[in-house]
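# A closer look at the structure
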Amino acid sequence: MAEDWVDLRSDTVTKPSTEMRRAMSEAEVGDDVYGEDPTVNQLEAAAALRLSKQAGLFVPSGTMANQVAILAHTERGDEMFIHQDSHAYYYEGGAASLWAGAMLTLLDGPEGLFSADELRRRVRPANIHHPHPRLVSLENTHNRAGGAAMAPDRVDPVMAAAHEMGLSVHVDGARLFNAAVALGVTADRLVRDADSVSICLSKGLGAPVGSVLVGSRTFIDRARMYRKWLGGGMRQAGVLAAAGLLALNNVDRLAEDHVRAERLLKSLQAMGYHAWGPSVPTNMVMIDTPGPAQALVDQASQFGVRIGTMGPQRIRLVTHLDVSDAGIDRTLNAFEAMKAQG
Ligand code: TLP
């Protein structure tokens, strides 16, 4: 792709900065499978501290973080409750059934979250006919809900209901820091009652690779074994963790991405596009298209703007640290020209 493209397909496309590349090349490393990589150990501790949990586990991707968490929380055949639009159900290739043998029960609710009452209604009493209800998986921010940030008053009651019924709670916090910045609360507050949380370093935070799963020490010890099962034990992974440590410094600047996404949203709406975002938006804008979304994607590419589809008639634009104000101007000019082209 030409260097001057504006790439709004995802915040996963960010490239490591010069400073990050330098830190990677200078990282102190060891064999992490022996627990001897000082930079990985530092990153795991930093992530755990940041989220007020006891321990962390560095994994190659957000998908592996979620899957390792599901494996560590469940036994084969256990029931896991998840919103029908969540990444761990919608975009992970059925992996929870493949690896953990979990039965996924899909719940619905506005903006990527079901209510505590809905959860109570769906968790069935112990009975030989029913699977063991074991896990609730939440996602904050919620990707398919347009990057919706979920405040404590929305998630706390769901977590409380899960715990009342003896279920554990995992939070897919791939973009948890976006939620924290948008809501003006600390990230650890958002996951205060969660038993495990995964965060991605390779999205808006700008690291090239990596996620961290955090939870209690016992849980992380268990998770380490499952990471091994999935082949996610990396050796001198400190070169990657060094980037992750710097990525954690990029949390405050996520606010800039949110401002840019808001400008995109308002301007696209003013042009007559059916652009929308959730009630607490972050770094995403969705556009519902009257015709095939792919046609708009192809059209935009002629203007040097990359966007992605989220369904046959839905487009997603994601702001991140490699999209500047000039990139937003260029995108808006492209959409204006596309409107004129019809
Ligand atoms: N999401 C990607 C695609 O897979 C859709 C994106 O471009 O948004 N949890 C959430 C909430 C995610 O959005 C993603 C990535 C993941 C987990 C998985 O992370 P990776 O790609 O590192 O496995």
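It should be emphasised that the depicted structure is a prediction, and the values quoted were computed from it without experimental measurement. (Residues numbered from 1 in each chain as written. Predicted model: local features only at pLDDT ≥ 70, side-chain atom pairs only at ≥ 80, totals over all residues. Heavy atoms only, no water.)

## Things to note about the site of the ligand
Near the ligand lie 15 residues; those nearest to it are Ser10, Thr63, His87, Asp172 and Arg175. Between an oxygen atom of the ligand and a main-chain N or O atom of Gly62, the distance comes to 2.8 Å. Notes on the ligand: free accessible area 510 Å², of which the protein chains cover 82%. (Near = heavy atom within 4 Å. Polar contact = N/O pair within 3.5 Å; in protein donor to acceptor, adjacent residues only side chain to side chain. Areas by Shrake-Rupley, 256 points an atom, 1.4 Å probe, with all protein chains shown as cover.)

## Quick word on the pairing of strand β6 (residues 168-173)
For a regular strand, the rule is simple: side chains alternate between the two faces of the sheet. Most of β6 is tucked away: five of the six residues are buried. Inspection of the sheet shows strand β5 (residues 133-139) paired to β6 by five bridges, in the parallel sense. Residue Leu135 lies in a different strand from β6, and its bridge partner there is Ser168. Running through helix α7 (residues 152-164), the crossover from β5 to the neighbouring parallel element β6 is right-handed. One ladder, built from four bridges, connects β6 with strand β7 (residues 196-200); its direction is parallel. Opposite Asp172, over in β7, you have Ser198 as the bridge partner. (Buried < 20%, exposed > 50% of the residue type's maximum accessible area, 1.4 Å probe, protein only. Helix = DSSP H or I, 4+ residues; strand = E, 2+ residues; numbered from the N terminus. Pairing = 2+ DSSP bridges. Right-handed = clockwise from strand over helix to strand, strands pointing away.)

## Digging into a nonpolar patch on the surface
Residues Tyr89, Tyr90 and Tyr91 make up a contiguous nonpolar surface patch of about 280 Å² in total accessible area. Inspection of the secondary structure assignment puts Tyr91 in the loop between α4 (87-90) and α5 (95-100). (Patch = residues over 30% accessible without salt bridge, like charges linked within 9 Å, V, L, I, M, F, W, Y side chains within 5 Å. Salt bridge = Lys/Arg side-chain N within 4 Å of Asp/Glu carboxyl O.)

## Some details on the packing of aromatic side chains
Working definition: an aromatic ring pair is given by the centre-to-centre distance plus the angle between the planes. For the coordinates displayed, the defined rule picks out three aromatic pairs. Over the ring of Tyr90 we find Arg144, and its NZ or CZ is 3.8 Å from the ring centre. Seen from the ring of Trp5, Arg306 lies directly overhead, with NZ or CZ sitting 4.9 Å from the centre. (Phe/Tyr/Trp six-rings, centres within 6.5 Å; stacked < 30°, edge-to-face > 60°. Lys NZ or Arg CZ within 6 Å of the ring centre and 35° of its normal.)

## Focus: helix α14 (residues 325-341)
With 17 residues, α14 extends 24 Å between its outermost C-alpha atoms, agreeing within 8% with the 24 Å of an ideal straight helix rising 1.5 Å per residue. Inspection of α14 places Gly327, Ile328, Thr331, Leu332, Ala334, Phe335 and Met338 among the buried residues, and these make up the whole buried set. The buried residues of α14 occupy an angular sector of 155° when projected down its axis, which confines them to one face. Within α14, the exposed residues directed more than 90 degrees away from the buried face are Ala326, Asn333 and Ala340. The elements touched by buried residues of α14 are β1 (6-7), α12 (254-270), β10 (284-288), α13 (293-301), β11 (305-306) and β13 (314-318). Just downstream of α14, Gly342 is the residue with a positive phi angle, here 85°. (Expected span 1.5 Å × (residues − 1). Arc of directions from axis to C-beta. Contact = heavy atoms within 4.5 Å.)

## Points about the domain arrangement of the protein chain
Here the protein chain is described as being made up of domain 1 (2-12 + 252-341) and domain 2 (18-249). Each of domain 1 and domain 2 was reduced to a C-alpha centroid, and the two centroids are 27 Å apart. Carbon and sulfur atoms make up 55% of the surface buried where domain 1 meets domain 2, a total of about 1700 Å² over both sides. Between Arg175 and Asp11 there is a salt bridge; the shortest N-O distance is 2.8 Å. At the boundary of domain 1 and domain 2, one finds seven residue pairs in polar contact (both at pLDDT 80 or more). Secondary structure elements with two or more residues in the side of domain 1 that touches domain 2: α12 and β10. (Domains from an automatic or database assignment. Buried area = accessible area lost by both parts, 1.4 Å probe.)

## What about the sheet that holds strand β8 (residues 211-215)?
Taking strand neighbours across the sheet as the criterion, the seven strands line up as β2-β8-β7-β6-β5-β3-β4 in an open arrangement whose pairing is mixed. Each of the sheet's edge strands pairs with one partner strand only, and the pair in question is β2 (55-59) and β4 (103-107). The mean angle between the axes of side-by-side strands here comes to 20°, regardless of whether they run parallel or antiparallel. For β7 and β8, the ladder comprises five bridges, and the chain directions are antiparallel. The residue bridging Ile199 from the neighbouring strand is Val212, located in β8. (Axes fitted to C-alpha atoms, helices over the stretch in contact; angles between N-to-C directions.)

## Describing the nonpolar core
The tendency in soluble globular proteins is for nonpolar side chains to be buried as a group. The biggest cluster of nonpolar side chains holds 52 residues, and the ones touching the most others in it are Phe58, Leu119, Leu138, Ile199 and Leu201. Listed in part, the 25 residues of the second largest apolar core include Ala275, Ala300, Val305 and Val323. (Core = buried A, V, L, I, M, F, W, Y, C linked by side-chain atoms within 4.5 Å.)

## What to know about the pattern of salt bridges
All chains considered together, the criterion is met by 22 salt bridges. A salt bridge links Asp31 to Arg235, with the nearest nitrogen and oxygen atoms 3.2 Å apart. With Asp31 in the loop between α1 (18-26) and α2 (38-50) and Arg235 in the loop between α10 (217-229) and α11 (238-247), this pair connects stretches of sequence that are 204 residues apart. A salt bridge links Asp193 to Arg192; its shortest N-O distance comes to 3.0 Å. Among the residues examined, Arg192 registers a relative accessible area of 48% and is labelled partly exposed. Because the salt bridges share partners, they merge into one network encompassing Arg253, Glu256, Asp257, Arg260 and Asp325.

## What to know about the side chain of Thr141
For Thr141, the position within the fold is in the loop between β5 and α7. Beyond its immediate stretch of four places on either side in the chain, Thr141 contacts Gly147, Ala148, Ala149, Arg175, Leu176, Asn178, Ala179 and Thr282.

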